[in-house]
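Chain by chain, the residues run as shown.
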Amino acid sequence: MLNQFVYSSKQFSKISTKRNHCVSPVDSLRRCLSTMTPYAKESSQETLSLDHLRWDPSAPVETARLPPSFWYTDPKIFQKEMDTVFKRNWVHVGRVDQVASPGQYFAGTLFGDRFIVARDLKGKLQSFHNVCRHHAAHVVEEGEGQTQEFRCCYHGWTYEMDGRLRLAPQIKGIQDFKSRDFGLFPIHVETFGPWIFLNFSRQTPEPLGTQLSQLGIELENLGMTNLKFIKQVEYEVDCNWKVYVDNYLDGGYHVASLHKDLGGLLDLKNYKTTLYEKYSIQSCSKSDAEPSTDLKDFPERVGSNVVYGWVYPNFMINRYGHIMDTNTVIPISQNKTKVAFGQISS
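Reading guide: rules and limits
Residues numbered from 1 in each chain as written. Predicted model: local features only at pLDDT ≥ 70, side-chain atom pairs only at ≥ 80, totals over all residues. Heavy atoms only, no water. Helix = DSSP H or I, 4+ residues; strand = E, 2+ residues; numbered from the N terminus. Buried < 20%, exposed > 50% of the residue type's maximum accessible area, 1.4 Å probe, protein only. Contact = heavy atoms within 4.5 Å. Areas by Shrake-Rupley, 256 points an atom, 1.4 Å probe, with all protein chains shown as cover. Phe/Tyr/Trp six-rings, centres within 6.5 Å; stacked < 30°, edge-to-face > 60°. Polar contact = N/O pair within 3.5 Å; in protein donor to acceptor, adjacent residues only side chain to side chain. Pairing = 2+ DSSP bridges. Axes fitted to C-alpha atoms, helices over the stretch in contact; angles between N-to-C directions. Salt bridge = Lys/Arg side-chain N within 4 Å of Asp/Glu carboxyl O. Core = buried A, V, L, I, M, F, W, Y, C linked by side-chain atoms within 4.5 Å.

Chemist: I tried to follow the overall build of the protein chain on my own but got confused; where do I start?
Modeler: Across its full length, the protein chain carries 11 helices and 17 strands. Here the protein chain holds 346 residues, and the buried ones make up 49% of them. Considering only intrachain contacts with a sequence separation of at least 6, the fraction spanning at least 24 residues in the protein chain is 58%. Just so you have it, the protein chain exposes about 17,700 Å², and 48% of that area is on carbon and sulfur atoms.

As structure tokens, this is what we get:
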């Protein structure tokens, strides 16, 4: 199964247009491998001498070999991905409706970093590292809430909703202490449709809206606003995160065999994949054939067109009928992945 999924990703990375090229998971990892430390390389020296040296990412799909298997199993490769892939790109963390009003916030942990997303008292969306500037305790518990300020439970340091330090008890008299220098460390935050994304990079990233421009147009054409949250379910799968993504990216290939009910509703002969620098769009129209009477909710969900958008590196958007659902792929280890499945509807 692993080899099948990897080959599908290899096929995907070779599909291109004259205008656009999409960075697949294995392409990105190939780039980050070029910066691997000698220590990480030595950990898989035997594999590097065989699989890695035989693999040619520029080869046409007809003669392509599988990427090195240790990319999916080596814990050092996994850690490299956390640092160079997930902490340097926009990643989905929540929904706009979770912080619709001033004072609302939610907090969590992603890739080992504690974060807060909040709507400050002036209505501006903010995000910070959930780490007090005094002794690094968290300033709020994980979860959702409403507040006028963030107060660390350890020594009572108190922060405004925009991250500024408002109160540091018993600091009076300490020379050269300036409150303006001890605000919460900010995180880049932006919205795309009904979702909130963070970027943990210390560099200023490309704006998310610019990065996903065409995907935004495609989703708006099918209706992306005024949708209401229905549910979110989280589950774990025993695989590397790239295996899950690879499976999603070959959607037009496995649907007819694995999802026969859904496949019977789609005009798979005209299934199209368009690739861009940091996302892809898989699209298809509804089949003219009459659906089977045994189907449950598929006809209602498909509508006239379907759009499957993948936002690098780990967010998937499925828009059909009156429903839009998402999958957020969260790596836990080199062989375990958490998937957060969300659903919103008109």
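So, next bit.
Chemist: Explain the packing of aromatic side chains to me, please; I cannot follow it from the model alone.
Modeler: Any two aromatic rings considered together are summarised by their centre-to-centre distance and by the angle between their planes. For the structure on display, the rule yields 13 aromatic pairs. When the ring of Trp 195 is compared with that of Phe 315, the centres are 5.5 Å apart and the planes differ by 75°; the resulting orientation is edge-to-face. One end of the pair, Trp 195, is in strand β10 (residues 195–199); the other, Phe 315, is in strand β15 (residues 315–320), and 120 residues separate them in sequence. Residue classification places Phe 315 among the buried residues on the basis of a relative accessible area of 1%.

Chemist: Whenever I open this one, the environment of Lys 336 confuses me. Can you help?
Modeler: The residue Lys 336 is located in strand β17 (residues 336–345) in this model. A relative accessible area of 27% places Lys 336 in the partly exposed class. A polar contact is formed between the side chain of Lys 336 and the side chain of Asp 238, at a distance of 2.6 Å.

Chemist: Please clarify how the pairing of strand β9 (residues 188–192) should be interpreted in this entry.
Modeler: Regular strands have side chains that alternate between both faces of the sheet. Two elements, β9 and β10, share five bridges in a ladder whose sense is antiparallel. Following the sheet pairing, Glu 190 is matched in β10 by Phe 197. Hairpin connection from β9 to β10: two residues lie between these consecutive antiparallel strands, with Gly 193 at a positive phi of about 60°.

Chemist: Whenever I open this one, the sheet that holds β10 confuses me. Can you help?
Modeler: Within a sheet, adjacent strands bond to each other through the backbone by hydrogen bonds, running parallel or antiparallel. Here we have three strands laid out as an open sheet, ordered β1-β10-β9, and antiparallel in their pairing. Both edges of this open sheet fall to β1 (91–95) and β9, since each of them pairs with a single strand only. Ignoring which end each strand starts from, the neighbouring axes of this sheet average 35° apart. Here four bridges tie β1 to β10, and the two strands are oriented antiparallel to one another. Residue pairing for β10: Val 91 is matched across the bridge by Leu 198.

Chemist: Mind showing me how you'd approach the sheet that holds strand β12 (residues 272–275) here?
Modeler: Sheet architecture is open: seven strands sit in the order β11-β17-β16-β15-β14-β13-β12, paired in antiparallel fashion. In the strand order of this sheet, the two ends are held by β11 (228–237) and β12, each with one partner. Neighbour-to-neighbour, the strand axes of this sheet turn through a mean angle of 15°, independent of strand direction. Relative to strand β13 (residues 279–285), β12 runs antiparallel, the two sharing four bridges. Following the sheet pairing, Thr 274 is matched in β13 by Ile 281.

Chemist: I keep staring at helix α5 (residues 75–84) and nothing clicks. Help me out?
Modeler: Working note: α-helix, 3.6 residues per turn, so residues spaced by three or four point in the same direction. Those residues of α5 not exposed but buried are Ile 77, Phe 78, Lys 80, Glu 81, Met 82 and Thr 84. Regarding α5, its N-cap is Asp 74, as a side-chain oxygen of that residue lies 2.8 Å from the backbone nitrogen of Lys 76 further along.

Chemist: Looking at this structure, I do not really get the pattern of salt bridges. What am I missing?
Modeler: Where side chains of opposite charge bring their charged atoms close, a pairing between them can arise. This structure, assessed with the given rule, holds nine salt bridges. Its salt-bridge partner being Arg 95, residue Asp 97 comes within 2.8 Å of it at the nearest N-O pair. For Lys 338, the salt bridge is made with Glu 234, and the minimal N-O distance between the two is 3.6 Å. Here Lys 338, found in strand β17, pairs with Glu 234, found in strand β11; they are 104 residues apart in sequence, far enough to count as distant. Looking at Lys 338, the relative accessible area reads 26%, which means it is partly exposed. Judged by its relative accessible area of 47%, Glu 234 is partly exposed. Connected through shared salt-bridge partners, Glu 149, Glu 160 and Arg 166 make up one network.

Chemist: Is there a simple way to think about the environment of Lys 231 in this case?
Modeler: The topology assignment puts Lys 231 in strand β11. By relative accessible area, which is 39% here, Lys 231 ends up partly exposed. Setting aside chain neighbours within four positions, we find Lys 231 in contact with Phe 341, Gly 342 and Gln 343.

Chemist: Looking at this structure, how should I read unusual backbone geometry?
Modeler: Most peptide bonds take the trans form, and the phi angle of most residues other than glycine is negative. Between Tyr 312 and the following residue, Pro 313, the backbone shows a cis peptide bond with an omega angle of 5°. You can see Pro 313 is positioned in the loop between β14 (305–311) and β15. Residue Asp 176 is not a glycine yet carries a positive backbone phi of 65°. Turning to its location among the elements, Asp 176 is positioned in the loop between β8 (165–167) and β9.

Chemist: What is the right way to read helix α8 (residues 241–249) from this model?
Modeler: Counting buried residues along α8, eight of its nine residues qualify, which places the element largely inside the surrounding structure. Inspection of α8 places Trp 241, Lys 242, Val 243, Tyr 244, Val 245, Asp 246, Tyr 248 and Leu 249 among the buried residues, and these make up the whole buried set.

Chemist: Would you take a moment to explain the nonpolar core for this structure?
Modeler: Soluble, globular proteins show a tendency: their nonpolar side chains are buried together. By size, the foremost hydrophobic cluster in this structure holds 44 residues, and its most contacted members are Val 93, Leu 110, Phe 115, Val 117 and Tyr 308. Filtering out sequence-adjacent residues up to four positions away, Phe 115 remains in contact with Val 93, Phe 106, Ala 107, Gly 108, Thr 109, Leu 110, Phe 128, His 129, Asn 130, Ile 187, Leu 198 and Phe 200. Core analysis: the next-biggest nonpolar cluster, separate from the first, contains 19 residues, Trp 90, Leu 208, Ile 281 and Ile 344 among them.

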